Amino acid sequence: MAVSKTVGIAEVQRAAQAGIHDFGENRSPLFVQKQVALPEERWHFIGHIQTNKLKDLVGRASLIHSVATRHALEVISRLAVERQMRQPVLLEVNVSGEESKDGVSAQDVPSLLQAAGQLPGVEVRGLMTMAPVLLSERDDAARQCFASLRRLRDNLAPDYANADNISLNELSMGMSDDFEDAVKEGATLVRIGRRLWS
Ligand SMILES: *Cc1c(COP(=O)(O)O)cnc(C)c1O
């Protein structure tokens, strides 16, 4: 996925002509502006969720990557049911446990999945994470973080094998500086910004 938060509509159009059709935005006003301008592309929301902005995202986002609270799941479900659709989401996991990071802790993922299972308007497709910032060339913290997310998914997936609105196939992990490690660890979606546009 191309993270288009630093570029305008013209650059997105050029990327689409080159064959990229998944774009990620982290702020709802720009998300809406770009999605409305280019509705034929797939638009992913990857930013911090403010529940009062969810009304602008539900139905417009092909995937909301950054859901981390039961409250956000409930609001998404209510809006989606009103709009007679089901909103695909990922749960953002704070694997590294850094306090500055968004995301649910790994140990709280099962209870969030339980909650999602009761909400008819959400469809959970997998997990997302942000790796810690690397301290040196040889620091393998990012790769370990990605491996942990995959293990968490592998451990939980059998419990949801028959769930109607939960599958854990997607792993959204990896950005410009660490996507190669993420792919090695099983990423199904990488979120590339700077490396693509510079
Ligand atoms: C900006 C952003 C990216 C892309 O980061 P780059 O380092 O520019 O590739 C990926 N994921 C999220 C959540 C972002 O906010």
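Here, every reference points to the structure presented above.
Residues numbered from 1 in each chain as written. Predicted model: local features only at pLDDT ≥ 70, side-chain atom pairs only at ≥ 80, totals over all residues. Heavy atoms only, no water.

Visitor: With reference to specific residues and values, describe the packing of aromatic side chains.
Guide: The geometry of an aromatic ring pair comes down to the distance between the two centres and the angle between the two planes. Taken as a whole and judged by the stated rule, the model has two aromatic pairs. When the centroid spacing of 5.9 Å and the interplanar angle of 80° are considered together, the rings of Phe-31 and Phe-45 count as edge-to-face. Here Phe-31, found in helix H2 (residues 28-37), pairs with Phe-45, found in strand S3 (residues 42-45); they are 14 residues apart in sequence, far enough to count as distant. We classify Phe-45 as buried; its relative accessible area is 2%. (Phe/Tyr/Trp six-rings, centres within 6.5 Å; stacked < 30°, edge-to-face > 60°. Helix = DSSP H or I, 4+ residues; strand = E, 2+ residues; numbered from the N terminus. Buried < 20%, exposed > 50% of the residue type's maximum accessible area, 1.4 Å probe, protein only.)

Visitor: I'd like a rundown of the site of the ligand, residues and numbers included.
Guide: Neighbouring the ligand are Val-3, Lys-5, Ile-46, Met-130, Met-175, Ser-176, Arg-191, Ile-192, Gly-193 and Arg-194. Side-chain polar atom of Ser-176 to an oxygen atom of the ligand: 2.5 Å apart, as the coordinates give it. One of the side-chain N or O atoms of Arg-191 is found 2.9 Å from a nitrogen atom in the ligand. Protein burial of the ligand: of its 390 Å² of free accessible surface, 90% is covered by the chains. Looking at side-chain class alone, the shell around the ligand contains five nonpolar, two polar and three charged residues. (Near = heavy atom within 4 Å. Polar contact = N/O pair within 3.5 Å; in protein donor to acceptor, adjacent residues only side chain to side chain. Areas by Shrake-Rupley, 256 points an atom, 1.4 Å probe, with all protein chains shown as cover. Nonpolar A, V, L, I, M, F, W, Y, C, P; charged D, E, K, R; others polar.)

Visitor: Outline the environment of Leu-73, supporting the account with residue identities and numerical values.
Guide: If you trace the backbone, Leu-73 turns up in helix H4 (residues 70-82). For Leu-73, a relative accessible area of 0% translates into the label buried. Residues Leu-73 and Thr-51 lie 22 residues apart in sequence; the distance between their C-alpha atoms is 9.5 Å.

Visitor: Describe in detail the pairing of strand S8 (residues 166-172), supporting the description with residues and values.
Guide: Alignment of strand S7 (residues 122-128) against S8, held across four bridges, turns out to be parallel. Bridge pairing in S8 places Gly-126 opposite Glu-170. Regarding the hand of the β-α-β motif, the stretch spanning S7, helix H6 (residues 141-156) and S8 is right-handed. (Pairing = 2+ DSSP bridges. Right-handed = clockwise from strand over helix to strand, strands pointing away.)

Visitor: Got a sec to walk through the pattern of salt bridges? Specific residues and values, please.
Guide: Oppositely charged side chains can pair when the atoms bearing their charge come close. Summed over all chains, the structure comprises 13 salt bridges. One salt bridge in this structure joins Glu-123 and Arg-125, with 2.8 Å as the shortest N-O distance. Since its relative accessible area comes to 23%, Glu-123 is described here as partly exposed. Exposure remark for Arg-125: the relative accessible area of 30% places this residue in the partly exposed category. With its nearest N and O atoms 3.8 Å apart, the salt bridge here joins Lys-184 to Asp-181. Taken as a pair, Lys-184 and Asp-181 lie in helix H7 (residues 179-184) at a separation of three residues, close to a single helical turn. (Salt bridge = Lys/Arg side-chain N within 4 Å of Asp/Glu carboxyl O.)

Visitor: Give a detailed account of unusual backbone geometry, specifying residues and quantitative values.
Guide: Its identity as a non-glycine residue notwithstanding, Gln-84 has a phi of 55°, on the positive side. Counting through the fold element by element, Gln-84 comes out in the loop between H4 and strand S5 (87-94). Since its relative accessible area comes to 76%, Gln-84 is described here as exposed.

Visitor: Could you give me a rundown of helix H5 (residues 109-117), with the residues and numbers involved?
Guide: Here H5 has its buried residues at Val-109, Leu-112, Leu-113, Ala-115 and Ala-116. Axial view of H5: buried residues confined to an arc of 160°, hence all on one face. On its buried side, H5 packs onto H4, S5, strand S6 (104-105), S7, H6 and S8. (Arc of directions from axis to C-beta. Contact = heavy atoms within 4.5 Å.)

What is shown is where atoms sit, not what they do.
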